[in-house]
Amino acid sequence: MSPETTLVLTLNAGSSSIKFALYAAADEPREEVTGQVDALGDEAALTLTPKGAEKTRTELGPTDHAAAVEAILGALAPHMAGRAIAGVGHRVVHGGPDLDAPVRLDAAMMARLEDLVPLAPLHQPHNLAAIRAARGAFPDAVQVAAFDTAFHRGKPWVADTYALPRDYYARGIRRYGFHGLSYDYIAGVLAREYPDLARARVVVAHLGNGASLSALSGGRSIATSMGFTALDGLAMGTRPGRIDPGVLLHLMQEDGMGAAALTRLLYHESGLKGLSGISHDMRDLLASEAPEAAEAIDYYVYTLAREIAAMTASLGGLDALVFTGGIGENAALVRARALERLGFLGLAIDPAANAENAAEIHAGACPVLVIPTDEERIIARATVKELAP
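Each chain has its residues counted from 1, following the order in which its sequence is written. Where local features are concerned, this predicted model is filtered to residues with pLDDT of at least 70; where side-chain atom pairs are given and counted, the filter is 80 or more; whole-chain, interface and lining totals use all residues. Computation of side-chain values covers all heavy atoms of the structure but excludes hydrogens and water.

Asker: Describe in detail the sheet that holds strand β2 (residues 18–24), supporting the description with residues and values.
Answerer: The criterion for strand pairing is that DSSP finds at least two bridges linking the strands in question. Runs of E in the DSSP output that reach at least two residues are strands. Runs of H or I that reach at least four are helices, and both are numbered from the N terminus. The eight strands are arranged β5-β4-β3-β2-β1-β6-β8-β7 in an open sheet whose pairing can be described as mixed. Lying at the two open borders of the sheet, with one neighbouring strand each, are β5 (56–63) and β7 (103–104). Direction of pairing for strand β1 (residues 6–13) relative to β2: antiparallel, over a ladder of seven bridges. Its bridge partner lying in β2, Leu7 is registered against Ala24. In this description, contact between two residues means that some pair of their heavy atoms is separated by no more than 4.5 Å. Each axis is a line fitted through C-alpha atoms, taken for helices only over the stretch in contact, and angles between the N-to-C directions span 0 to 180 degrees. Along the sheet face, helix α3 (residues 124–137) touches β1, β6 (84–92) and β8 (142–147) and points at about 170° away from the line of β6.

Written out as structure tokens, the structure is:
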């Protein structure tokens, strides 16, 4: 496979944005351009960052997923230099109980992924819309799906089930876990750069607008803080994390809230946004002097420490802690305050290294690492693998 003539495009589609990256399709994909289409709908805009060059921004106006893919292709055309896109890799949130690895997409697989929409109704339709748009734009390219749930398949039954009647598990009501592409990437970095830790008990904290933890043993997920949906576990930007189901029953029975109202509350109005009344963005809260911002951060740190301890219990001990994601990689105060609560696990932080977002920020015997994640690279690798003869 010649990187001089073959390209791979990755698409990471959400409800209001599409992240994309262009790679030369070498055995280890070589990133050439990254970008994002934001605010899909009436006021979309495309940002483009060629490797080693300045970011540019183009206003698109009214744009849906299909139009966004067309805009992405147009923006990438000058960087393709006559080379063809041989494969398009897609992040797909849900692979259900059975899909535990990337798959090549055909009509039958698309129908199978459509059947999973009820398991991820706020995410899966947008993933599939981007796939359909890409198939139209690149009819001769291999289309590949990489699943956020796949990395967590194979967890022990006790970490995969709920204490409901057993037939619910058979019907697919189970703890799927998400952010698997990120955890897959981190596991790969550990295997290459910290081989002793790759075989050990590691908790990885993926902290962004969405946030979760995964307990890794020997590089495999044995537990995760998210469950059937991406609502459970940690407090997040706009999601509450762990909540007593009785609260939801109360809101249904006493306030008359239906599924649509609860969905909006849980996915869009809670978490840091709901607690602070200011913003879902940790950067805004860290910069604010409002007491409500401080309280939201306090709650976030509290749930983070609690869930790290829970993941440690699932592992039977802790040999390393890894922070990743936008908050995990950049919010030194959040890391420091969470670890203040976790000294009993042997965790201690080097203030100077932490302030610099250094790769190793521990002051004690238990390593604490900061590793930037790269979900798009995992998608690109899966796509290149499908191109191999």
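Asker: Talk me through helix α2 (residues 107–114); I want residue IDs and the actual numbers.
Answerer: Residues Met109, Met110 and Leu113 constitute the buried set of α2. Axial view of α2: buried residues confined to an arc of 100°, hence all on one face. Projecting away from the buried face of α2 at angles above 90 degrees are the exposed residues Ala107 and Ala108. In this structure, the buried residues of α2 make contact with β6, β7, α3 and β8. Per-residue accessibility, obtained with a 1.4 Å probe over protein chains only, is compared with the maximum for each type, and a residue is labelled buried under 20%, exposed over 50%, and partly exposed between these values. To obtain the arc, one takes the directions from the helix axis to the C-beta atoms.

Asker: Give a description of the nonpolar core that names residues and reports values.
Answerer: In this structure, Leu113, Leu207, Tyr300 and Leu304 are the most contacted members of the largest nonpolar core, which totals 62 residues. Counting residues per element, this core draws most heavily on helix α12 (residues 291–315), which supplies 10 residues. Excluding residues that lie within four positions of it along the chain, Leu207 makes contacts with Leu234, Tyr300, Leu304, Phe323, Thr324, Gly325, Gly326, Ile327 and Gly328. Residues Phe20, Leu40, Ala44 and Phe138 belong to the second largest nonpolar core, which totals 26 residues. The set of buried Ala, Val, Leu, Ile, Met, Phe, Trp, Tyr and Cys residues whose side-chain atoms join them within 4.5 Å is what this entry labels a nonpolar core.

Asker: Mind laying out the pattern of salt bridges, listing which residues take part and the relevant values?
Answerer: Oppositely charged side chains may form a pair once their charged atoms are brought near each other. The working definition used for a salt bridge is a side-chain nitrogen of Lys or Arg within 4 Å of a carboxyl oxygen of Asp or Glu. Going through the model one piece at a time under the given rule, you end up with 20 salt bridges. Among the salt bridges present, the one from Arg30 reaches Glu32, with a minimum N-O distance of 3.4 Å. Residue Glu32 is classed as buried on the basis of its relative accessible area, which comes to 15%. Among the charged side chains, a network of salt bridges with common partners joins Glu28, Asp374, Arg377 and Arg381.

Asker: Kindly report on the pairing of strand β11 (residues 220–224), identifying the contributing residues and their values.
Answerer: The sheet contact formed by strand β10 (residues 211–217) and β11 spans four bridges and is antiparallel. What sits directly across from Ala215, in β11, is Ala223. Between the antiparallel neighbours β10 and β11 lie two residues, among them Gly218 with a positive phi of about 60°.

Asker: Lay out the side chain of His152 in plain terms, naming residues and giving numbers.
Answerer: Mapping His152 onto the fold places it in the loop between β8 and α4 (157–160). For His152, a relative accessible area of 0% gives the class buried. Counted as a polar contact is a pair of N or O atoms within 3.5 Å, where, for protein atoms, one must be capable of donating a hydrogen and the other of accepting one, and residues adjacent in sequence contribute only when both atoms are in side chains. Within the structure, His152 has its side chain in polar contact with the backbone oxygen of Phe178 (distance 2.8 Å). Polar contacts involving the side chain of His152 include one to the side chain of Ser221, which spans 2.8 Å. For His152, the residues in contact, after removing those within four places along its chain, are Tyr176, Gly177, Phe178, Gly180, Tyr183, Ser214, Ser221 and Thr224.

Asker: I'd like a rundown of the environment of Ser17, residues and numbers included.
Answerer: Its location among the elements puts Ser17 in the loop between β1 and β2. When the C-alpha atoms of Ser17 and Gln36 are compared, they prove to be 6.9 Å apart, with 19 residues separating the residues in sequence.

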